[in-house]
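Listed here are the chains, written in short residue letters.
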Amino acid sequence: MIYRAIASTVQRDITTTLINQSTTLSHLNQLLTHLIRHNQTNNLVTITKLTQKFSDFNSISNAKNLFTLFSNSNPPDLFLYNVLIRGFSRNNLPFESLSLYYQLLKSTRLKPDNFTFAFLVSGFSGFLAFGVEKFGILVHGQVIVNGFGSDLFVGSALVDMYMNFSRIGYAYKVFDEMRERDSVLWNTMVSGLVRNCCYEESLRVFSDMVGGGMRFDSTTLAVALTSVAELQDLRNGMLIHCLGVKMGYDVHEYVVTGFISLYSKCGDVNTAKLLFELINEPDLISCNAMIAGFCFNNENESSVRLFRELLVKGEKVNSSTIVGLIPVSCPFGYLSLTRCIHGFVVKSGMVSNPSVSTALTTVYSRLNVMELARRLFDEFPKKSLASWNAMISGYAQNGLTEMAISLFREMQKLDIHPNPVTITSILSACAQLGTLSMGKWVHDLIKKEKFESNIYVLTALVDMYAKCGNIEEARQVFDNITEKNVVTWNAMISAYGLHGRGQEALVLFNQMLHSGVSPTGVTFLCVLYACSHAGLVEEGQKIFHSMVHDHGTEPLSEHYACMVDLLGRAGKLEKALEFIYKMPLEPGPAEWGALLGACMVHKNIDMARLASDKLFAMDVGSAGYYVLLSNIYSVDRNYSQAASVRKILRNKNLAKTPGCTLIEVNGYQHVFTSSDQSHPQAGAIYAKLEELMEEMREAGFHTETSTSLHDVEEEEKELMVKVHSEKLAIAFGLLASEPGTEIKIIKNLRVCVDCHNFTKFVSKVTDRVIVVRDANRFHHFKDGECSCGDYW
DNA sequence: CTAGGGTTAG
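Residues numbered from 1 in each chain as written. Chains lettered and ligands numbered in written order. Predicted model: local features only at pLDDT ≥ 70, side-chain atom pairs only at ≥ 80, totals over all residues. Heavy atoms only, no water.

Draft legend 1. The arrangement of the environment of Asn187 in detail. Here Asn187 is to be found in helix 11 (residues 183–195). For Asn187, a relative accessible area of 18% translates into the label buried. Separated by 15 residues in the primary sequence, Asn187 and Ser202 have C-alpha atoms spaced 9.7 Å apart. (Helix = DSSP H or I, 4+ residues; strand = E, 2+ residues; numbered from the N terminus. Buried < 20%, exposed > 50% of the residue type's maximum accessible area, 1.4 Å probe, protein only.)

Next up, the structure:
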């Protein structure tokens, strides 16, 4: 009897040892066959061990069958349930986990414990699909009801889950409610924030962790390195470097790889190369970091060379290598090169890797071949958040704003939660479209989701408010940003320029210099643009001078064009022309175009002809210039010439854009076109308009058409028979909004003189502020005056 | 540990 017991124990120990030592799936299968053959499938410990091992080998069907086999003749204990739930979760089957959990509740008297919940929750940490989030929240409810709300294991799993859904706010809530915090919990927070591109926030949490004396391991340090690298924050990066050395973590090759990545992304390739050479035998991963570093610094030949070396050494390159290499085809701008890489990716089967596909989508977007990008996107077997973002941002950046927003809506329908990157792109789309209501909605979303510390989001928010006409709101958001970068400053400066508030732009520019942020070329463009739109000629010239001599910034063609615009707008046409002749670069379409525009405003026909001759010689494919030239001939009463230019325009297929105006009332958008009758309230609108026009005529105003030379395309000629869309929108705005409230409209073309006069008049007699965004800038009409000083 | 998605100017 005793012998038999010992024998069975020995047998069990041997089996357990064999299971533990199994290194392949076939070992396990052999063992299982053996157990079944000898009728030894009734031992709980053995079965549990085997179930666990099967799921570790991703053979979840075996694990499941084993569980069923056992439970047919024995009641499983909680441990076995937990092991299988863990198996399902690890194999990305959260719903299988969930149904097993229900089975546990329904058909046993077992009480789920912290392991059950930790495993159950963890199933939702890597799973993103339609409507999963609701189930995640449901599971969280079960956790609380069962009293595990402050369990560390469960808590970490919950934080990880919410981070996966980009629910930063919920993750924080779980984190805050933990009575004690271990290094795993902290690490989950830090890496979750990194996964959601909240790099500043992750560094803040990391420094809280270190400052609080919490032990951190080399992995956490590596995650923090990711943040500083992404932020290109060399100062903190070097601090973390020191910290890593002090802790002795630099013996780990992956930490050194993190350092290489940091210096690569901060532009210090030499240090990166030095560290790279210190590694005796660089592995694939450190090579990838170096390749990406070369790419980042436009050392494309070096990247390709290292890539070749890897191939020669017989190393198997992975998706990281390809993703790191793909940007090489971007600055080159060669579609064929991208196609080549695309071909390689398809051949090697890497096309199913979301990172690779997303990178390719991005390259296609940058090259503005959106059809290819979309086709690739539609073919993704599994769309990651990044792939959605790549597509949405591609649309937004190429001006296909409606497509961007409709894709975002689709995403929401599928219950896929946006992260800060998505939000930034959508804000950019709102800014371009001028949809304030949607922009405000996104702002609320930002607050709810705790994306408020993300500098990209906030900068895009400033820009959105400015471009939707809410300059004060833009400023408020701007003032609340604690750590502003150059782009943030640029956005606010350009906002003032857009609204014709040049002095404020200059004040802000000086504040920026005092705050220690160095201006870039874009900063000077923003400032010069602001000066130009406010007629601040001397200030602009001083800035231009200081840009070259104090800041050592080399002016690009855009800067010269801006100066031409500045001088030209102010009527200093001769000076503008002289400036063009004296500039060290070859003057291009931008400079001549700016001069031509100025000539039209100041009615200098001869110089206009000179400028347009230059433009035609360059064969610029822009309808605007042709319209301007046609207008010149009209002024000269040379109608046949004017007609022939328009014919060229038609032949070249440079379609003129029809004018339309958008107005938002109570969150609804109304779009008007010229002489539009389609609005349900058209009758009342035209009656209101007639009433105002009559009043205007009585006050001695008359319609002005022929003398105006703005680039408003055909519209003006139609004025005698048609009513411009902005008048309709304004009349509607007066009817549909409360007296005394501000009216805001957006027009796709430039405002014509007649409408400008009309709007001035209306603002006076109705005592309303009317804000007009045209193709170029904002006009604030108040009390019969416009902020542009009749100069646009 | 390495890799994919974001803001400003024209």
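Draft legend 2. Structural detail: a nonpolar patch on the surface. Residues Phe95, Tyr102, Leu105, Phe135 and Leu138 make up a contiguous nonpolar surface patch of about 410 Å² in total accessible area. Where the nonpolar patch is concerned, the elements lending two or more residues are helix 6 (94–107) and helix 8 (132–145). For the nonpolar patch, the leading source of residues is helix 6, giving 3 residues. When you line up the elements, Leu105 lands in helix 6. (Patch = residues over 30% accessible without salt bridge, like charges linked within 9 Å, V, L, I, M, F, W, Y side chains within 5 Å. Areas by Shrake-Rupley, 256 points an atom, 1.4 Å probe, with all protein chains shown as cover. Salt bridge = Lys/Arg side-chain N within 4 Å of Asp/Glu carboxyl O.)

Draft legend 3. Region of interest: helix 30 (residues 486–498). Here helix 30 spans 18 Å end to end across 13 residues, near enough to the 18 Å set by a 1.5 Å rise per residue. In terms of burial, helix 30 is largely enclosed, as 10 of its 13 residues are buried. Buried residues of helix 30: Thr488, Trp489, Asn490, Ala491, Met492, Ile493, Ala495, Tyr496, Gly497 and Leu498, and no others. Buried residues along helix 30 sit in contact with helix 28 (455–467), helix 29 (471–479), helix 31 (502–514), helix 32 (521–534) and strand 5 (778–782). Backbone nitrogen of Val487 and a side-chain oxygen of the N-cap are separated by 3.0 Å at the start of helix 30; the cap is Asn485. (Expected span 1.5 Å × (residues − 1). Contact = heavy atoms within 4.5 Å. Polar contact = N/O pair within 3.5 Å; in protein donor to acceptor, adjacent residues only side chain to side chain.)

Draft legend 4. Here's a closer look at the protein's contact with DNA strand B. Every one of the 46 residues lining DNA strand B counts as a neighbour, but Tyr254, Ser384, Asn389, Asn490 and Tyr529 are closest to it. Each atom of DNA strand B within 4 Å of the protein belongs either to a base or to sugar and phosphate, the latter forming 51%. For DNA strand B, a phosphate oxygen lies 2.9 Å from a polar atom in the side chain of Thr226. A distance of 2.6 Å separates a base nitrogen of DNA strand B from a polar atom in the side chain of Asn454. Split into classes, the residues belonging to the surface near DNA strand B amount to 21 nonpolar, 20 polar and 5 charged. (Near = heavy atom within 4 Å. Nonpolar A, V, L, I, M, F, W, Y, C, P; charged D, E, K, R; others polar.)

Draft legend 5. Focus on the pattern of salt bridges. Evaluated as defined, the whole model comprises 23 salt bridges. Residue Lys64 pairs with Glu96 through a salt bridge whose shortest N-O separation is 3.9 Å. You can see Lys64 sitting in helix 4 (residues 60–73) and its partner Glu96 sitting in helix 6, a full 32 residues away along the chain. Judged by its relative accessible area of 38%, Lys64 falls in the partly exposed class. A salt bridge links Glu726 to Lys747; its shortest N-O distance comes to 3.1 Å. Within this pair, whereas Glu726 is found in helix 41 (residues 725–736), its partner Lys747 is found in strand 3 (residues 743–747), the two being separated by 21 residues in sequence. For the pair formed by Glu726 and Lys747, the shared burial category is buried.

Draft legend 6. How the structure looks around the packing of aromatic side chains. A complete count under the given rule lists 23 aromatic pairs for this structure. Consider the rings of Tyr162 and Tyr170, whose centres lie 5.2 Å apart with planes at 80°: the pair is edge-to-face. Measuring from ring centre to ring centre gives 5.3 Å for Phe478 and Trp489, while their planes differ by 80°; the resulting arrangement is edge-to-face. In this pair, Phe478 is assigned in helix 29 and Trp489 in helix 30, connecting sequence segments 11 residues apart. The exposure classification of Phe478 matches that of Trp489, with both residues buried. (Phe/Tyr/Trp six-rings, centres within 6.5 Å; stacked < 30°, edge-to-face > 60°.)

Draft legend 7. Layout of helix 4. Compared with the 20 Å implied by 1.5 Å per residue over 14 residues, the 21 Å span of helix 4 between its first and last C-alpha is a close match. Buried within helix 4 we find Ile60, Asn62, Ala63, Leu66, Phe67 and Phe70. Each buried residue of helix 4 sits inside an arc of 160° when the element is viewed along its axis, so together they form one side. Exposed and facing more than 90 degrees away from the buried side of helix 4 are Asn72 and Ser73. Tucked into the core, helix 4 has its buried residues touching helix 2 (25–37), helix 3 (44–56), helix 5 (78–90) and helix 6. (Arc of directions from axis to C-beta.)

Draft legend 8. Representation of the pairing of strand 4 (residues 770–773) in the model. What you see with strand 4 is no split at all: Ile770 and Val772 on one side and Val771 and Arg773 on the other are buried throughout. As paired elements, strand 4 and strand 5 share 4 bridges and run antiparallel to each other. The residue bridging Val771 from the neighbouring strand is His780, located in strand 5. Where strand 4 folds back on strand 5, the antiparallel hairpin that results is connected by 4 residues. (Pairing = 2+ DSSP bridges.)

Draft legend 9. The arrangement of the sheet that holds strand 3 in detail. Reading across from one edge, 2-1-3-4-5-6 is the order of the 6 strands in this open sheet, with mixed pairing throughout. Looking at strand neighbours, the two that pair on one side only are strand 2 (668–673) and strand 6 (785–786), the edges of this open sheet. Bridge count for strand 3 against strand 4 is 4 bridges, and the pairing is parallel. Across the sheet, residue Ile746 finds its bridge partner in strand 4, namely Arg773. Across the sheet, helix 42 (residues 753–765) is in contact with strand 4, strand 5 and strand 6; its angle to strand 5 comes to roughly 40°. (Axes fitted to C-alpha atoms, helices over the stretch in contact; angles between N-to-C directions.)

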